[in-house]
Amino acid sequence: MRFIDSKTHGILDYLSVVLFVASPWIFGFANEGTAMWIPVIIGVAVLLMSLMTDYELAAARIIPFTTHLTMDVIAGLFLIISPWVFDFADVVKWPHVALGVFAVGAGLFTRKNVRSPYIE
């Protein structure tokens, strides 16, 4: 069941960038090396991808929207498993898991069709 439209997904993308990049400071793991850098790097990647995705809130429409949605799922799964893969689960794991579930959900619950930017 896909209930998120492409414009709402775009808004969620840009809001998630702020949350991903700020999460080490919000959740108190800013001094944890790899644990800190993973959501920051994914946040920057989401920003770049969002700016270049073929949807309403992009600066350049280069990346197909379906590719963007697939990358959301992949990034989310990576976030979910990262505490165990990079061996920092004993220090912090729940922010990564929660952000990962959010990204996977955004990818799976967004409709694949994009509204025309010329029709409002």
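The rules behind each value
Residues numbered from 1 in each chain as written. Predicted model: local features only at pLDDT ≥ 70, side-chain atom pairs only at ≥ 80, totals over all residues. Heavy atoms only, no water. Salt bridge = Lys/Arg side-chain N within 4 Å of Asp/Glu carboxyl O. Buried < 20%, exposed > 50% of the residue type's maximum accessible area, 1.4 Å probe, protein only. Patch = residues over 30% accessible without salt bridge, like charges linked within 9 Å, V, L, I, M, F, W, Y side chains within 5 Å. Areas by Shrake-Rupley, 256 points an atom, 1.4 Å probe, with all protein chains shown as cover. Helix = DSSP H or I, 4+ residues; strand = E, 2+ residues; numbered from the N terminus. Polar contact = N/O pair within 3.5 Å; in protein donor to acceptor, adjacent residues only side chain to side chain. Contact = heavy atoms within 4.5 Å. Axes fitted to C-alpha atoms, helices over the stretch in contact; angles between N-to-C directions. Parallel < 35°, antiparallel > 145°, perpendicular 65-115°, else oblique. Left-handed = near helix turned anticlockwise from the far one by under 90°. Expected span 1.5 Å × (residues − 1). Core = buried A, V, L, I, M, F, W, Y, C linked by side-chain atoms within 4.5 Å.

### A short note on the pattern of salt bridges
One pass over the full model with this rule turns up one salt bridge. As a salt-bridge pair, Asp 54 and Arg 61 come within 2.8 Å of each other at their nearest N and O atoms. With relative accessibility at 31%, the residue Asp 54 sits in the partly exposed group. We classify Arg 61 as partly exposed; its relative accessible area is 38%.

### A look at a nonpolar patch on the surface
A contiguous nonpolar surface patch, about 480 Å² in accessible area, is contributed by Val 44, Leu 47, Leu 48, Leu 51, Met 52 and Ile 62. Counting through the fold element by element, Met 52 comes out in helix α2 (residues 34-52). With relative accessibility at 34%, the residue Met 52 sits in the partly exposed group.

### Concerning the side chain of Asp 13
Here Asp 13 is to be found in helix α1 (residues 6-26). A distance of 2.9 Å separates a polar atom in the side chain of Asp 13 from a polar atom in the side chain of His 68. Non-local contacts of Asp 13, meaning those with residues more than four positions away in its chain, are made with Val 46, Ser 50, Tyr 55, His 68 and Asp 72.

### What about the packing of α1 against helix α4 (residues 94-108)?
Contact geometry for α1 and α4: axes closest at 12 Å, N-to-C directions at 165°. Our classification of the angle between α1 and α4 gives roughly antiparallel. As for how α1 packs across α4, the hand of that crossing is left-handed. Contacts between α1 and α4 involve His 9, Leu 12, Ser 16, Leu 19, Phe 20 and Ser 23 from the first element and Leu 99, Phe 102, Ala 103, Ala 106 and Gly 107 from the second.

### Re α4
The terminal C-alpha atoms of α4, which comprises 15 residues, lie 21 Å apart, in line with the 21 Å expected from a rise of 1.5 Å per residue. Every buried residue belonging to α4 is among Pro 95, His 96, Val 97, Leu 99, Gly 100, Ala 103, Val 104, Gly 105, Ala 106 and Gly 107, and all of these are buried. As for α4, its buried residues are in contact with α1, α2 and α3 (65-85).

### Description of the nonpolar core
Listed in full, the 12 residues of the largest apolar core are Val 17, Phe 20, Phe 29, Ala 35, Ile 38, Ile 42, Val 46, Leu 79, Phe 88, Val 92, Leu 99 and Ala 103. The set of elements that each furnish at least two residues to this core consists of α1, α2 and α4. Of the residues forming this core, the biggest block, four residues, is contributed by α2. Excluding residues that lie within four positions of it along the chain, Val 46 makes contacts with Asp 13, Ser 16 and Val 17.

### Quick notes on unusual backbone geometry
Excluding glycine, most residues fall at negative phi; most peptide bonds, likewise, are trans. The backbone phi angle of Asp 87 is positive, close to 60°, even though this residue is not glycine. The residue Asp 87 is located in the loop between α3 and α4 in this model. Judged by relative accessible area, which is 65%, Asp 87 ranks as exposed.

Keep in mind these numbers describe shape, not what the thing actually does.
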